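For reference, the chains in residue letters:
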Amino acid sequence: MGSIQEPVSLPEEQLEGVENDTVYVAVGNNAEKNHKLLHWVIQNFSGKKICLLHILIPDLVNSFNTNVSEYEHKDHAIKAFKEHGSQTMHEFLDQYILTLVPSGVQASKLLIEKDNIEKGIKEAIFQHNIRCLVMGAAADRHNTGLDSEDTPGIETTPVLLMLDSNTEAKQSEKIKSESIPNVLQYLDSSDMEETENVIARTKLTDLLIHKDDEALQNWRAKEISRRKEVEKQLARKKQDVLEMKNQRDKIICELQMVRDQSSALRNQLFESNCTATELEEKFLSAVDLLISFKEKRDKLRIEHANAVRKVKVLTKIGEADTTSSYVVEFPTFSFMEVNEATHDFDQSWKIGEGRYGSVYKGLLRNMLVAIKMLPSYGCQSQLEFQHQVDVLSRVRHPNLLTLIGSCAESKSLVYEYLNNGSLESHLACKNKTPLPWQIRISIATDICSALIFLHSCEPCIVHGNLKPSKVLLDANFVAKLGDLGIPYLVQHSVGSADTSPIICNNSHENLAYVDPEYLDTGKLTPESDVYSFGIILLQLLTGRPLSGLVRDMRCALEKENLKTVLDLSAGEWPLYQTTQLAYLALRCCEKTWLNRPDLVSEVWSVLKPFRTICIDRRQELTSKKLQRAPSHFVCPIVQEVMEDPYIAADGFTYEEEAIRGWLDSGHDTSPMTNLTLEHTDLVPNYALHNAIREWQQQ
Ligand SMILES: Nc1ncnc2c1ncn2[C@@H]1O[C@H](COP(=O)(O)OP(=O)(O)OP(=O)(O)O)[C@@H](O)[C@H]1O
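Residues numbered from 1 in each chain as written. Predicted model: local features only at pLDDT ≥ 70, side-chain atom pairs only at ≥ 80, totals over all residues.

Asker: Is there a simple way to think about the confidence of the model for the protein in this case?
Answerer: Of all residues in the protein, 74% have pLDDT values of 70 or greater, and the mean over the chain is 78. Taken element by element, the protein is modelled with least confidence in helix α6 (residues 141–144), mean pLDDT 38, and with most confidence in helix α19 (residues 526–542), mean pLDDT 96. Taken as a whole, residues 165–199 scores under 50 in pLDDT and shows 52 contacts with residues more than four places along the chain or in a different chain. Two summary scores accompany this predicted model of the complex, namely pTM at 0.49 and ipTM at 0.96. (pLDDT = per-residue confidence, 0-100. Helix = DSSP H or I, 4+ residues; strand = E, 2+ residues; numbered from the N terminus. Contact = placed C-beta atoms within 7 Å.)

Asker: I keep staring at the sheet that holds strand β8 (residues 367–373) and nothing clicks. Help me out?
Answerer: In sheet architecture, strand pairing relies on hydrogen bonds along the backbone and comes in two forms, parallel and antiparallel. Here five strands make up an open sheet; going across it, the order is β6-β7-β8-β10-β9 and the pairing antiparallel. The strands lining the two open edges of the sheet, one partner per strand, are β6 (350–354) and β9 (403–407). Between one strand axis and the next, the sheet turns through 25° on average, direction left out of account. With seven bridges connecting them, strand β7 (residues 357–364) and β8 associate as antiparallel partners. The residue bridging Lys361 from the neighbouring strand is Ala370, located in β8. (Pairing = 2+ DSSP bridges. Axes fitted to C-alpha atoms, helices over the stretch in contact; angles between N-to-C directions.)

Asker: So what exactly am I meant to see when it comes to the sheet that holds strand β13 (residues 645–647) here?
Answerer: One open sheet holds the three strands; their spatial order is β14-β13-β15, and the pairing between them is antiparallel. At either margin of the open sheet sits one strand with a lone partner, and together these are β14 (653–655) and β15 (683–684). Seen against the sheet, helix α23 (residues 656–664) touches β13 and β14 and runs at an angle of roughly 95° to β14.

Asker: Looking at this structure, how should I read the packing of α19 against helix α21 (residues 575–588)?
Answerer: The angle between the axes and the distance between the axes are what describe a pair of packed helices. With their axes 7 Å apart at the nearest point, α19 and α21 run at an angle of 145° to one another. Note on packing geometry: the crossing formed by α19 with α21 is left-handed. Here Val530, Tyr531, Phe533, Gly534, Leu537, Leu538 and Leu541 of α19 come into contact with α21, specifically with Thr578, Leu581, Ala582, Ala585 and Cys588. Across the contact of α19 with α21, the residue classes tally to ten nonpolar, two polar and no charged. (Left-handed = near helix turned anticlockwise from the far one by under 90°. Nonpolar A, V, L, I, M, F, W, Y, C, P; charged D, E, K, R; others polar.)

Asker: How do you make sense of unusual backbone geometry when you look at a structure like this?
Answerer: Note: most peptide bonds trans; most residues except glycine with negative phi. In this structure, Pro459 follows Glu458 across a cis peptide bond, with omega equal to 0°. Inspection of the secondary structure assignment puts Pro459 in the loop between α14 (437–456) and β11 (471–473). Although it is not a glycine, Glu560 sits at a positive phi angle of roughly 50°. Mapped onto the secondary structure, Glu560 falls in the loop between α20 (549–558) and α21. Its 8 C-beta neighbours within 10 Å are what place Glu560 among the exposed residues. (Buried ≥ 20, exposed ≤ 12 C-beta atoms within 10 Å, placed from the backbone.)

Asker: So what exactly am I meant to see when it comes to the site of the ligand here?
Answerer: For the ligand, the set of nearby residues contains 19 residues, the closest of which are Gly352, Gly354, Arg355, Ala370 and Ser422. Mapped onto the shell around the ligand, the elements with two or more residues apiece are β6 and β8. Ranked by residue count, the leading element in the shell around the ligand is β6, at three residues. (Near = placed C-beta within 6 Å.)

Asker: Explain the packing of α14 against α19 here, please?
Answerer: At a closest axis distance of 10 Å, the pairing of α14 and α19 adopts a crossing angle of 175°. Classified by the angle their axes make, α14 and α19 are roughly antiparallel. In contact with Arg440, Ile443, Ala444, Ile447, Cys448, Leu451 and His455 of α14, α19 contributes Pro526, Asp529, Phe533, Ile536, Leu537 and Leu540. (Parallel < 35°, antiparallel > 145°, perpendicular 65-115°, else oblique.)

Asker: Please explain the nonpolar core as it appears in this structure.
Answerer: With 92 residues, the main nonpolar core has Val369, Ile447, Phe533, Leu537 and Ala585 as its most contacted residues. Counting residues per element, this core draws most heavily on α14, which supplies ten residues. Not counting residues up to four positions away in its chain, the partners in contact with Ile447 are Val471, Ala479, Leu481, Phe533 and Ile536. Counting 29 residues, the second largest nonpolar core, distinct from the first, contains Val25, Cys51, Leu53 and Cys132. (Core = buried A, V, L, I, M, F, W, Y, C linked by C-beta atoms within 7 Å.)

Written out as structure tokens, the structure reads:
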């Protein structure tokens, strides 16, 4: 039985079988494919015998396609056509042979006429005992297992069919006919199509040849109905395509709409984001605004509370005013208030007593004050008294004790309280360290400044009772003159213009400050104050008792021995300037007022150069003292270093007087926290008291 092999490229063992056999090459009608096939054959079988095999199918169909009526002479035509086809094919094969000759191939041709290629090939194999047959391969590459890339130059690889021995080839026709059709699978697709066409045409030809008109008509009708069916299908397809096209257009439209909507939504989203950001910013600024409004509101609340408090105070003052029945411009106090402030004029609250009454320390409307109780004798009316006080209250100067208010009922004057006491106490060194010379000179300057102011007033104001007890020192050692105008107030009361209270009720010591001319004439002049100032200046320089003071100074200056009289506890006096001051003081103490120096042109001009050095020193001293004072030494109410610290129920320590005054004035709350106090008991803070003492003695 013949075996069929598939040599794609031709290995040596394949070629061995071909050696002595003629290689049959099956050529078709496609000239291009034939050329490629022959090219392949030349490459693989150079020097071999080649026989070109062509199965010629008489192609009558072409001649009958156009006009069937022409078949009246068909026998003759078919014959002529066959002859013509055979001749043409011979010529073609000859041409192929000629192309093979230069390649050293012995070529021959074999033309077999058969109405079927399959049958023709079978016949050729039988008749010519073909063992080696080359055919154009089928287009189906799976059959060959090759790619065109592997065999460049030809689209499909030709197929070499090796048929077994002659004996096998000559087997019974039945067996051979079984094996031969397999050959056809190696024909390329175009050959197959061609074959099918040929078969169809052959059938038609058969019909024509055998004059089978009825069958022809049937076949035609079949063809027409098939064609109609195809046309119908085509029309349906067209309709489908049209519908699909419409659908596609619709979808595109919808897609476009969706795209538009999407872009609109995107814009909306962007706008929303912008709005959100804007709103967020607005919200933040609103929060800021709210915070600032809250702060303002709190501030306004505080201001409101303060205003309410002020209104209450003013109302109280108003009430006090109505009780006194006078319309005055500056605060007046009721006797009750004065009484309360001084704790029923408690002796422990008394500061001192002079010719014109007692002076009490007091806590009045939360202020630490000095209340001077004038003698109640005399016929001065409350109206006259109040008028006089009103005039005095308008005389204000930094070196004059400030008159805060008055009480017409009790005929008392309320002054600011100066906690550094009087110059008198300092000169006497009562529990006090001696004043440095700079402070002394600055005190002289302050007194001079106050006198210049008083004397320059219109009408001129003469103090008339200037002495160290009337020179009060504040926390910064600034000197302030007190008791201004008291003699006038009291004189009126006494009702005797002739009787001078200064003279009448004054001690011998106090008379030392009184102008001798005034003593002689009873007439107070500005120069009277200059005399008193001279004595005070001599006291500041020497610190000596009044008796023989002028004489001793004069003597020392004459002997140019100033140092012997100077108060050396005041430090190292600058001798030249101090001598100048000493001369100036003596001139002030001249018995005749005409010989006394002018305060502005002479005294002030000498004192003025000292001012800067003295004020600096004063600041240095006070700031040192203030700096050194720990904050817990200072009373929260009066803001001064405490002398008698007491602990209240709120746990804070206060100056006893201050906290008692606070509680006695009806307060039941803490001055520090404003919370209600559990009780009003006070406990002395001995530890703090000792600490303050130690600190003060340093
Ligand atoms: N505002 C005040 N602050 C502190 N102490 C004061 C205040 N006013 C007066 N004093 C003190 O009160 C005491 C009594 O003073 P007052 O003026 O009544 O009498 P005097 O000056 O001693 O003598 P006189 O008035 O008889 O001449 C004085 O030692 C004085 O230092």
